[in-house]
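Listed below, chain by chain, are the residues.
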Amino acid sequence: MRYVFACFLTGQVNKSEVECLIKLFNTLVAESSNRFAAVGFDRNMFRDTLHSAFGMTDDMIMDRVFRTFDRDNDSCISVVEWVEGLSVFLRGTLEEKIKYCFEIYDLNGDGYISREEMFQMLKNSLLKQPSEEDPDEGIKDLVDIALKKMDYDHDGKLSFMDFEKAVRDENLLLEAFGPCLPDIKSSMAFEQKTFRETRKL
């Protein structure tokens, strides 16, 4: 199987863990009354899974995660995309996570994270304070700070090279424009439940 082999080569998940992910996928698909269920997850089913398994709530981020997992752009997450996506999502190397996060933040897919994309992501992910007169001004300030810190070639947008260098210099910048990876607690809980309980089925 291609996906077992691909995930094996990267060392992210072992054979029994891949099998557990496949079992979970099949269980979730079988529980769905969705028209895509025969082939995989549609956007809503995937978002429900992200929310229940990892506590993700940001609609924009969840849509971007869906698009990143959906490699063939058929609006459905297949079992191969599920296993490969979760391998990076849960246990990816720093390089893989940098590519993943960049893809999430590059909203229009042009190979850059523009000032407008940063603004949109930050506006979406930050809590709004009722006392603020113009919260957009604070977000614009954050975008300016991000560009000063991360835009190494000073062209007013982040290329993959800018983003990668900034994250390698300061790992905390990986999710600078919104949380798009699971936190350690939810990731460990998912792995424990999936890789231990699914084996018992």
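Residues numbered from 1 in each chain as written. Predicted model: local features only at pLDDT ≥ 70, side-chain atom pairs only at ≥ 80, totals over all residues. Heavy atoms only, no water.

1. Observations regarding the pattern of salt bridges
To be explicit about the condition: Here a salt bridge means any side-chain nitrogen of Lys or Arg lying within 4 Å of a carboxyl oxygen belonging to Asp or Glu. Secondary structure elements are defined from DSSP: runs of H or I of at least 4 residues count as helices, runs of E of at least 2 residues count as strands, and each element is numbered from the N terminus. For every residue, the accessible area obtained with a 1.4 Å probe (protein chains only) is divided by the maximum for its type, and the residue is called buried under 20%, exposed over 50%, and partly exposed between those limits.
Summed over all chains, the structure comprises 13 salt bridges. The partner of Arg-168 in a salt bridge is Glu-95, with the nearest N and O atoms 2.3 Å apart. You can see Arg-168 sitting in helix 9 (residues 160-169) and its partner Glu-95 sitting in helix 6 (residues 94-105), a full 73 residues away along the chain. Judged by its relative accessible area of 44%, Arg-168 is partly exposed. With a shortest N-O distance of 2.6 Å, Arg-115 and Asp-144 are connected by a salt bridge. Taken as a pair, Arg-115 in helix 7 (residues 115-125) and Asp-144 in helix 8 (residues 135-150) lie far apart in primary sequence, 29 residues in all. Assessed through its relative accessible area of 36%, Arg-115 is described here as partly exposed.

2. A closer look at the packing of aromatic side chains
Rules: Note on aromatic pairs: the rings of Phe, Tyr and Trp (six-membered ring only in Trp) are paired at centre separations within 6.5 Å, and the planes decide the class, stacked below 30 degrees, edge-to-face beyond 60, tilted for the rest.
Within this structure, the stated rule accounts for 14 aromatic pairs. Centre to centre, the rings of Phe-46 and Phe-66 are 5.7 Å apart; their planes meet at 65°, and the pair counts as edge-to-face. Linking Phe-46 in helix 3 (residues 43-54) with Phe-66 in helix 4 (residues 59-69), this pair joins segments that are 20 residues apart in sequence. For the pair formed by Phe-46 and Phe-66, the shared burial category is buried. Judged by centre distance (5.8 Å) and plane angle (55°), the rings of Phe-102 and Phe-163 are tilted.

3. A few points about the confidence of the model for the chain
Which entries qualify depends on this criterion: Per-residue confidence from the predictor is given as pLDDT, running between 0 and 100. Note on contacts: a residue pair qualifies if any of its non-hydrogen atoms lie within 4.5 Å across the two residues.
Averaged over every residue, the pLDDT of the chain is 87; residues scoring 70 or more account for 86%. Low pLDDT, under 50, characterises residues 1-9; the stretch is placed with 19 contacts to residues that sit more than four places away or in other chains.

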